[in-house]
Amino acid sequence: MTMPPVKYQRGDMVMGRWPGSSLYYEVKVLAFDSKSQLYTVIYKDGTELELKEQDIKSTAGFQPRSRSRSRSPGRRRSRSRSPARTTRRSSSRTAAAVAAAAITDSAVSSRRDTRLKDVEVMLSPVQQTKEAENNSNNRHEKKEEKQKEENNTANKVNETTEAEPEKNQGRYNLRRRKDDGDAKPAETRPEQLEEKEAKRVGALASTLSTPLDFGGKIGAYFWLLFLPAWVFFLVLQVNREDPSLTNFPPPLPPLEAFWDAQALGFVILWILFQALLYVTPVGKLSEGMPLRSGERLKYRTNGFFAIVVSAITVAAAVHQGVDLTYIHSHFLQLATASLLISILLSVYLYIRSRYAAPEQLALGGNSGNVVYDFFKGHELNPRIKNFDLKFFCEMRPGLIGWCLINFAMALAEMKQHGLDAPSNSMILVNLFQLLYVVDGLWNEEAILTTMDLMHDGFGFMLAFGDLVWVPFTYTMQAYYLVSHPNPLSLPALAAIVILKLVGFYIFRKSNSEKNAFRRNPADPRLSHLKTIPTATGKSLLVSGWWGVVRHPNYLGDLLMALAWSLPCGFSHLLPWYYMIYFIILLVHRDSRDMSDCRRKYGSAWDEYCRTVRYRIIPRVY
Ligand SMILES: NC(=O)C1=CN([C@@H]2O[C@H](COP(=O)(O)OP(=O)(O)OC[C@H]3O[C@@H](n4cnc5c(N)ncnc54)[C@H](OP(=O)(O)O)[C@@H]3O)[C@@H](O)[C@H]2O)C=CC1
Ligand SMILES: CC(C)CCC[C@@H](C)[C@H]1CC=C2C3=C(CC[C@@]21C)[C@@]1(C)CC[C@H](O)C(C)(C)[C@@H]1CC3
């Protein structure tokens with residue numbers, strides 16, 4: 001084959017830009033396709049990619065970093081290693097590396113014109129150079145502050161491209177030629193890790209921060225005050241005879257009305273009871289996703305066992321004459337007690353995160369601002385021995401407590417209206433939400449591939465969310481129905497049940513599909529699905545449920561939320577609060593996830609977004 005007279009010739013050693021980044025690696029030109037105007041290049045590890053001419057530079061413009069520079073030996077790596085090479089190792093390691101690299105990219109791009117000669121030619125962020133240059137520890141700390149700020153700005157550069165994925169169209173051809181055909185790239189196992197290396201990259205990545213969420217530092221102050229206040233507002237407002245928003249604000253009860261030591265005792269007992277069930281050696285020990293360190297944590301996934309034992313215990317207590325309507329009459333005090341526990345827990349979590357090793361930290365929540373980090377959470381998987389605090393709080397006391405409270409509301413409705421059985425609306429709300437929780441616990445392992453478990457640190461937001469927000473606001477429909485009955489006609493009831501089942505089907509199928517794929521991409525049951533390979537070694541599903549919209553699970557969840565509010569009728573806005581909140585939460589989560597995935601997967605993510613155009617609702621949004 002003869003090469004046309006083009007800039008680079010077959011066999012030339014040049015620097016090829018890694019798609020989606022500004023990092024260049026040494027590559028060899030294999031061929032040039034005059035039709036597509038793409039060069040086929042091969043990286044040192046054997047990965048072949050097709051690049052445009054503008055993404056190739058002659059080696060003369062690059063100067064490898066001098067080895068004589070002061071640099072810790074642990075940080076030394078062989079030059080000219082392509083990121084794709086990492087796909088043969090661990091996805092966790094590469095995820096960190098790519099995360100670090102992506103952050104570096106944008107930092108590099110901002111300086112590209114002036115500092116071309118300094119551009120790294122390996123997966124090693126610019127920050128390292130700066131760190132290495134800085135021998136003094138004190139100076140290093142100051143510098144780190146500055147770097148964090150730079151990273152934040154840098155990430156914003158990335159985000160702007162995210163908003164316009166179309167602009168990247170045709171820029172790269174990310175097809176790995178060796179992966180052509182049906183074969184999926186092998187998802188790498190952590191056993192293949194070079195542990196030391198992974199730890200180094202993990203530690204490095206955790207010194208970097210992701211862009212600040214939730215309105216940044218000022219936002220954190222706001223949410224810290226607003227969220228508890230909102231819970232109290234809902235609890236006080238919904239119990240009023242006229243809970244209309246026009247009848248605002250609810251009269252503020254005296255301060256002592258918020259507090260009841262016995263309520264605190266019950267909340268503590270409930271949490272301890274759930275903790276006991278959690279540590280009971282019953283049920284599966286499931287493996288979490290590989291961490292940046294390459295480690296995979298084990299989780300006791302016995303949630304279904306926990307809810308069954310809890311239900312039996314509660315039934316026995318009611319049978320023994322325990323009056324569960326106490327929960328309805330002391331809702332405010334129980335909420336205050338739970339808030340207190342969540343604050344104490346968050347303080348503990350923040351303090352221990354200050355002593356955690358870098359690779360144990362989440363990428364977010366390390367802004368250096370105490371309030372923001374306290375709110376967002378810093379440590380990824382805080383554990384006391386094998387007791388995983390985040391997993392436990394998210395899946396047990398609040399979630400099972402939600403069902404317990406709903407049940408107590410049904411009893412309170414019967415007591416208040418002298419009924420022999422709860423109303424149809426109350427039964428629907430109870431059954432729908434029970435199904436949601438039981439399903440979550442039955443498929444507890446699937447939570448290990450969700451954003452909270454994989455990426456978010458554990459701090460006030462989640463501690464409060466799990467222990468206060470879920471049990472005291474997700475129960476709003478049942479609480480509302482106690483004093484605002486809404487009889488349902490049979491057709492209305494049937495329509496609501498159908499809506500719930502459709503939502504549930506979409507939610508469960510899509511979550512299970514992604515979970516199964518993440519756990520075993522070679523699962524034969526998923527072999528019919530199309531995927532896009534990414535530089536991290538993980539692939540993205542691009543057909544099946546994840547080919548319909550980018551978050552099919554959110555779509556199903558929203559349909560279910562609608563079915564939870566409909567039984568309460570349209571007389572007041574308050575029972576619709578969950579639906580409104582949930583739309584906001586999921587739209588925000590979706591954009592957070594978009595930014596994270598774009599950072600992780602670069603142009604592969606853009607390709608996914610071009611193929612699957614809608615985020616949550618097909619053809620609408
Ligand atoms: N009731 C409630 O209050 C709430 C319920 N939920 C529900 O919890 C569930 C989990 O939600 P959440 O954690 O937010 O998000 P997801 O379970 O959707 O997780 C998002 C992650 O999935 C992976 N992913 C995204 N697209 C693809 C793809 N095409 N192929 C393969 N993997 C992909 C990415 O992680 P990676 O690539 O790193 O694996 C991404 O970060 C949802 O059903 C949601 O509705 C969520 C929040 C609140
Ligand atoms: C206080 C903030 C404004 C918001 C806090 C958000 C949290 C309440 C939610 C974040 C993700 C959640 C999930 C569930 C409950 C709500 C929180 C904690 C979930 C456990 C509910 C049951 C589902 O089946 C699930 C898929 C397991 C959910 C996972 C995410």
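Residues numbered from 1 in each chain as written. Chains lettered and ligands numbered in written order. Predicted model: local features only at pLDDT ≥ 70, side-chain atom pairs only at ≥ 80, totals over all residues. Heavy atoms only, no water.

Trainee: Break down helix 16 (residues 476-483) for me, with residues and values.
Mentor: Among the 8 residues that make up helix 16, 7 are buried, leaving the element largely enclosed by the rest of the structure. Where helix 16 is concerned, the buried positions are Met-476, Gln-477, Ala-478, Tyr-479, Tyr-480, Leu-481 and Val-482. (Buried < 20%, exposed > 50% of the residue type's maximum accessible area, 1.4 Å probe, protein only. Helix = DSSP H or I, 4+ residues; strand = E, 2+ residues; numbered from the N terminus.)

Trainee: How would you summarise the site of ligand 1 if you had to cite specific residues and measurements?
Mentor: In the vicinity of ligand 1 there are 27 residues, among which Tyr-474, Arg-518, Tyr-554, Asp-557 and Tyr-601 approach most closely. Here an oxygen atom of ligand 1 and a side-chain polar atom of Lys-514 are 2.6 Å apart. Within the contact set of ligand 1, an oxygen atom lies 2.3 Å away from a side-chain nitrogen or oxygen of Tyr-601. When ligand 1 sits alone it has 920 Å² of accessible area, and the protein chains cover 93% of it. (Near = heavy atom within 4 Å. Polar contact = N/O pair within 3.5 Å; in protein donor to acceptor, adjacent residues only side chain to side chain. Areas by Shrake-Rupley, 256 points an atom, 1.4 Å probe, with all protein chains shown as cover.)

Trainee: Outline the UniProt feature "transmembrane region" (unreviewed entry) in the protein chain, listing residues and values.
Mentor: Feature annotation in UniProt assigns "transmembrane region" (unreviewed entry) to the following positions: residues 218-238, 258-280, 301-319, 331-351, 458-482, 488-507, 528-549 and 561-587. Taken as a whole, residues 331-351 contains 100% helix and 0% strand, while its terminal C-alpha atoms sit 30 Å from one another. (UniProt positions renumbered as here; feature names shortened; annotations may be inferred.)

Trainee: Tell me what's going on with the site of ligand 2, and back it up with residues and numbers.
Mentor: As a structural note, the neighbourhood of ligand 2 is formed by 15 residues, with Glu-394, Gly-440, Asp-452, Asp-466 and Arg-589 the closest of them. The protein chains hide 87% of the 640 Å² of surface that ligand 2 would expose on its own. With 4 residues, helix 15 (residues 460-473) is the largest single contributor of residues to the shell around ligand 2.

Trainee: Before we move on, can you summarise the packing of helix 6 (residues 261-279) against helix 7 (residues 303-319) with the specific residues and values?
Mentor: Between helix 6 and helix 7, the least distance of the axes is 10 Å, while the angle of their chain directions is 130°. On the basis of the axis angle, helix 6 is oblique to helix 7. Crossing of helix 6 over helix 7 shows right-handed handedness. Listed contacts from helix 7 to Trp-270, Phe-273, Gln-274 and Leu-277 of helix 6 are Phe-305, Ala-306, Val-309, Ser-310 and Thr-313. Residue composition of the contact of helix 6 with helix 7, by class: 6 nonpolar, 3 polar and no charged. (Axes fitted to C-alpha atoms, helices over the stretch in contact; angles between N-to-C directions. Parallel < 35°, antiparallel > 145°, perpendicular 65-115°, else oblique. Left-handed = near helix turned anticlockwise from the far one by under 90°. Contact = heavy atoms within 4.5 Å. Nonpolar A, V, L, I, M, F, W, Y, C, P; charged D, E, K, R; others polar.)

Trainee: Describe a nonpolar patch on the surface, with residues and values.
Mentor: Taken together, the side chains of Ile-583, Val-587, Ile-617, Val-620 and Tyr-621 define a hydrophobic patch exposed on the protein surface, amounting to about 390 Å² of accessible area. Residue placement: Val-587 occurs in helix 19 (residues 577-601). A residue is classified by how much of its surface remains accessible, and Val-587, at 31% relative accessible area, is partly exposed. (Patch = residues over 30% accessible without salt bridge, like charges linked within 9 Å, V, L, I, M, F, W, Y side chains within 5 Å. Salt bridge = Lys/Arg side-chain N within 4 Å of Asp/Glu carboxyl O.)

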